[in-house]
Amino acid sequence: MQFGIIFPTKIDDWQVIADAEAMGYHRAWVPDSQMIWSDCYATLALAAVNTSRIQLGTGVSIPRTRIAPVTAHSIASIHRLAPGRVFLGLGTGHTAMRVMGMQPATIREFREYLRVVRALLRGEEVDYTLDGVTRPIRFLHQQEGFIALEPEIPLYIAANGPRALALTGEYGDGLTTLMYEDPRVLSAHLDTVRQGAAAAGRTLPANFHLAAVTAVVVLRPGETLASERVIDACGAWVTTALHFVYEVYAQSGDESVIPPAFHGVWEQYCAHVAAMRTPADRRYLELHLGHSTFLVPSERRFVTPELIAATTLTGAPEEIIARLRAAEAAGLNELTLLP
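Rules used throughout
Residues numbered from 1 in each chain as written. Predicted model: local features only at pLDDT ≥ 70, side-chain atom pairs only at ≥ 80, totals over all residues. Heavy atoms only, no water. Helix = DSSP H or I, 4+ residues; strand = E, 2+ residues; numbered from the N terminus. Rg over C-alpha atoms; globule rule 2.2 N^0.38 Å. Buried < 20%, exposed > 50% of the residue type's maximum accessible area, 1.4 Å probe, protein only. Contact = heavy atoms within 4.5 Å. Areas by Shrake-Rupley, 256 points an atom, 1.4 Å probe, with all protein chains shown as cover. Phe/Tyr/Trp six-rings, centres within 6.5 Å; stacked < 30°, edge-to-face > 60°. Lys NZ or Arg CZ within 6 Å of the ring centre and 35° of its normal. Polar contact = N/O pair within 3.5 Å; in protein donor to acceptor, adjacent residues only side chain to side chain. Axes fitted to C-alpha atoms, helices over the stretch in contact; angles between N-to-C directions. Parallel < 35°, antiparallel > 145°, perpendicular 65-115°, else oblique. Left-handed = near helix turned anticlockwise from the far one by under 90°. Nonpolar A, V, L, I, M, F, W, Y, C, P; charged D, E, K, R; others polar. Salt bridge = Lys/Arg side-chain N within 4 Å of Asp/Glu carboxyl O. Core = buried A, V, L, I, M, F, W, Y, C linked by side-chain atoms within 4.5 Å.

(A) Structural detail: the overall build of the protein chain. For the protein chain, the count of helices and strands is twelve helices and twelve strands. Relative to the compact-globule value of 20 Å for 339 residues, the protein chain shows a C-alpha radius of gyration of 20 Å, a close match. Of all 339 residues assigned to the protein chain, the portion counted as buried reaches 50%. Counting contacts in the protein chain only where the partners sit at least 6 residues apart, residues at least 24 apart contribute 72% of the total. For the protein chain, the exposed area adds up to about 15700 Å²; of that, 54% sits on carbon and sulfur atoms.

(B) Representation of the packing of aromatic side chains within the structure. For the structure shown, the criterion picks out eight aromatic pairs. With 5.8 Å between their ring centres and 80° between their planes, tyrosine 246 and tyrosine 269 make a pair best called edge-to-face. With tyrosine 246 in helix H8 (residues 228-252) and tyrosine 269 in helix H9 (residues 263-274), this pair connects stretches of sequence that are 23 residues apart. Summarising the burial analysis for this pair, tyrosine 246 and tyrosine 269 share the class buried. Here the aromatic residues Tyr246, Tyr249, Trp266, Tyr269 and Phe302 are joined through ring pairs into a cluster of three or more. Its guanidinium or amino end placed over the ring of phenylalanine 87, arginine 27 lies 5.9 Å from that ring's centre, counting from NZ or CZ.

(C) Looking closely at the side chain of arginine 27. Here arginine 27 lies in strand E2 (residues 27-30). Within the local environment of arginine 27, its side chain forms a polar contact with the side chain of glutamate 334, the two groups lying 2.5 Å apart. If we ignore the near neighbours within four places in the chain, the residues touching arginine 27 are Gln2, Phe3, Gly4, Ile5, Ile54, Gln55, Phe87, Tyr156, His209 and Glu334.

(D) Geometry of the packing of helix H5 (residues 107-121) against helix H6 (residues 162-171). As a packed pair, H5 and H6 sit with axes 11 Å apart at the nearest point and diverge in direction by 15°. Comparing the axis directions of H5 and H6 gives the class roughly parallel. Our pair here, H5 against H6, has a crossing hand that is right-handed. Contacts between H5 and H6 involve Ile107, Phe110, Arg111, Leu114, Arg115 and Arg118 on the former and, on the latter, Arg163, Ala164, Leu167, Glu170 and Tyr171. Taken together, the residues of the contact of H5 with H6 break down into six nonpolar, no polar and five charged.

(E) Quick peek at the environment of proline 259. Within the element layout of this structure, proline 259 appears in the loop between H8 and H9. Given a relative accessible area of 26%, proline 259 falls into the partly exposed group.

(F) The arrangement of the pattern of salt bridges in detail. Going through the model one piece at a time under the given rule, you end up with 17 salt bridges. Note that glutamate 170 is salt-bridged to arginine 111, the shortest N-O span being 3.2 Å. Taken together, the residues span a long stretch of sequence, with glutamate 170 in helix H6 and arginine 111 in helix H5 at a distance of 59 residues. Take glutamate 170: its relative accessible area is 24%, and that puts it in the partly exposed class. Among the ionic pairs, aspartate 173 bridges to arginine 202, the shortest N-O distance being 3.9 Å. You can see aspartate 173 sitting in the loop between H6 and strand E8 (174-178) and its partner arginine 202 sitting in the loop between helix H7 (184-199) and strand E9 (209-214), a full 29 residues away along the chain. Linked through salt bridges whose partners overlap, the residues forming this network are Arg118, Arg122, Glu152, Asp173 and Arg202.

(G) Representation of the nonpolar core. Formed by 63 residues in total, the largest nonpolar core has its most connected members in Ile17, Leu56, Leu88, Leu90, Leu114 and Leu121. Sorting elements by how many residues they give to this core places H5 first, with nine residues. Those residues in contact with leucine 56 that sit more than four places away from it in its chain are Ile17, Ala28, Leu44, Ala47, Ala48, Thr51, Ala82, Arg85, Val86 and Phe87. Counting residues in hydrophobic clusters, the runner-up holds 31 residues, among them Val213, Leu242, Trp266 and Leu307.

Here you go:
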């Protein structure tokens, strides 16, 4: 089992990655969300020149905010600073797009994006389409040291739904997903990834990497999930999950997307959103406040023991160890911690 760290991208907090390296962490994921945090590639560059062992990459970079050639050259530039210890995480862009009131990339768009990025990172020429115009492109000056493409930069794809998981099998060297209460979900995810690979005529690499992200709180003796300290420690992650489910529900109207653990607060949370001061057509500007960064005081009441149990890895040491061992048996290679 490997351990990674992921944290809100604040450019002068790059030292967190150096600290994680000193503590023995294997990997640092730096998120890409332009309206709420610092630039991920600038932060990675600072981390790259101030570390020597830890793996560095995006957690995750977003198609609709950066065209494919730019993403490929950005991560290859970081690779020049930290050769052999860089990865590229990519996702459709839930937060980066929704904080602007816009939609994440479609699966069709994402597939095309992955195709272009994968080819460019292999040093290949590839057809690329922009504004309806298609042209072959490739990196020039590959021998001049502006970027580094060798060893090949692994592509880790963020996915939870079946179509994105299948796409991970088609293009990915790894999967980053959520840490679930039931480890069988991770096994099912891997099955879907393998099916996607088979449908594309591909066999997953033997070192295919499965990482799961969550907040972790180790309970003190006698402490419960209702502890104020526990709520302080994981509340921002719990409410981030609540924001995500609300967005999906509001778009689809499908009540099946609401996890059972959310039912106890769901009506109250919907009422909370409806009462926000921001007009409905601009509500995204208020809905995502605090995203994985801080707990908005008015949302503290929604951080219930049921939601904490469902969305985080919280418990006594022996409980956490048991869950980790079960997840590892289900195929998990890395636990990515959000402090």
